[in-house]
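Commentary on secondary and tertiary structure
What follows is the residue order along each chain.
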Amino acid sequence: MKQFPLMTAHTGCMGHPDHSLASLHAALALGADVYEDDIRATRDGRLVLAHDDEVRLADGRQTRLSDLTLEELDEQSIEERLSLESVLRSIKEAGRTMNLDIKSAACLEPAAAMLLKMEMTNQAFFSGCEYPVALEADRCARAIRKLLNVNIDSFLAGPYAEAVARACDEGRASRCFGLNVPYQLVRPELVDAAKQAGLAVYVWTVSEPEDMRRMAGLGVDSITTRNVAELLAVKNEAKFSEGETVR
């Protein structure tokens, strides 16, 4: 029998704000295997939880997070920010895994250094790595596992088989442990080719239970969702129908 995919909680899960303690606690309480959040780097190379580079300041100005030092961001931002280190500490204590979605290559070295310092190289990995960033990660942060974000345009513009072959070739060339794929692009031939290449398949971001069931049936390795409770219900359905324990 196929094992049920790892449950990855997307930041902002269960209707809580993105990058929030409430979201993290909800994910852990529901038993998510992996917690995903976005990281960016400030001008002085400090890491913050953020999806977008644009940030609005208390005086109404809009600027780029990457143009500010962390001290300037803390002083001028209208939002209180949860620190990456505190999230990692919670993940470590809970025995779960962190998916760090890299939003710029500037995050790679400081993120790797933080994970090494916290002795979490076995409890975290990078995603958000398109091929050039994956190659850079292999150069400067080899101690950290990473997923390759597949080239979406290649799936939309050309033959599916060629896009699959390209994804697997790039994944192996950059020493990724798997492929990170929008679930809408996943077909059985992608999962089969990835398995033959020794690559896991992680899919994002799945909302509807029928899509969760379809992804689980295809044998993907992880399903990312904001609705962890729904994914847990689908997992429990699978457990009941198979009559055996699934992870």
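Scroll up a little and you will see the structure.
For the structure given in this document, a descriptive report is provided here. Please read these numbers as outputs of a predicted model, since none were measured by experiment. Throughout, a residue's number is its position along its own chain's written sequence, starting from 1. The model is predicted, so local features are restricted to residues of pLDDT at least 70 and side-chain atom pairs to those at 80 or more, both for listing and for counting; the totals for chains, interfaces and linings are taken over all residues. Computation of side-chain values covers all heavy atoms of the structure but excludes hydrogens and water.

This part covers a negative patch on the surface. Residues Asp44, Glu71, Asp74 and Glu75 make up a contiguous surface patch of negative charge. Each residue's exposure class comes from its accessible area (1.4 Å probe, protein chains only) as a fraction of the maximum for that residue type: buried when under 20%, exposed when over 50%, partly exposed otherwise. Accessibility expressed as a relative area gives 41% for Asp44, which makes it partly exposed. Like charges within 9 Å and nonpolar side chains (Val, Leu, Ile, Met, Phe, Trp, Tyr) within 5 Å are joined into patches, using only residues over 30% in relative accessible area that form no salt bridge. Using a 1.4 Å probe, the Shrake-Rupley method yields the accessible areas, and only the shown protein chains count as cover for residues. Definition used for salt bridges: Asp or Glu carboxyl oxygen within 4 Å of a side-chain nitrogen of Lys or Arg. Note that His is not counted, nor are the chain ends; the positive residues are Lys and Arg, and the negative ones are Asp and Glu. A single reference atom marks each charge: NZ on Lys, CZ on Arg, CG on Asp, CD on Glu.

Further remarks concern the pattern of salt bridges. One pass over the structure, following the stated rule, counts 16 salt bridges. The closest approach of N and O atoms between Arg89 and Glu85, which form a salt bridge, is 3.4 Å. A residue pair is termed a helical-turn pair when its members lie 3 or 4 positions apart in one helix, as Arg89 and Glu85 do in helix α3 (residues 84–94) at 4 residues. A residue is classified by how much of its surface remains accessible, and Arg89, at 39% relative accessible area, is partly exposed. Here Glu85 falls in the partly exposed class, since its relative accessible area comes to 38%. Residue Arg213 is joined to Glu237 by a salt bridge in which the shortest nitrogen-to-oxygen separation is 2.9 Å. Numbering of helices and strands runs from the N terminus, with a helix taken as a DSSP run of H or I at least four residues long and a strand as a DSSP run of E at least two residues long.

The topology assignment puts Arg40 in strand β2 (residues 34–41). The side chain of Arg40 sits in the buried core without any salt bridge; Asp53 is the nearest counter-charge, 4.4 Å away. Side-chain atoms alone can form a polar contact between residues adjacent in sequence; in general such a contact is a pair of N or O atoms within 3.5 Å, and within protein one must be able to donate a hydrogen while the other accepts it. From its side chain, Arg40 meets the backbone oxygen of His51 in a polar contact 3.0 Å long. Every residue pair with non-hydrogen atoms within 4.5 Å of one another is taken to be in contact. The residues touching Arg40, leaving out its near neighbours within four places in the chain, are Arg46, Leu47, Val48, Ala50, His51, Asp52, Asp53, Leu65, Lys103 and Cys107.

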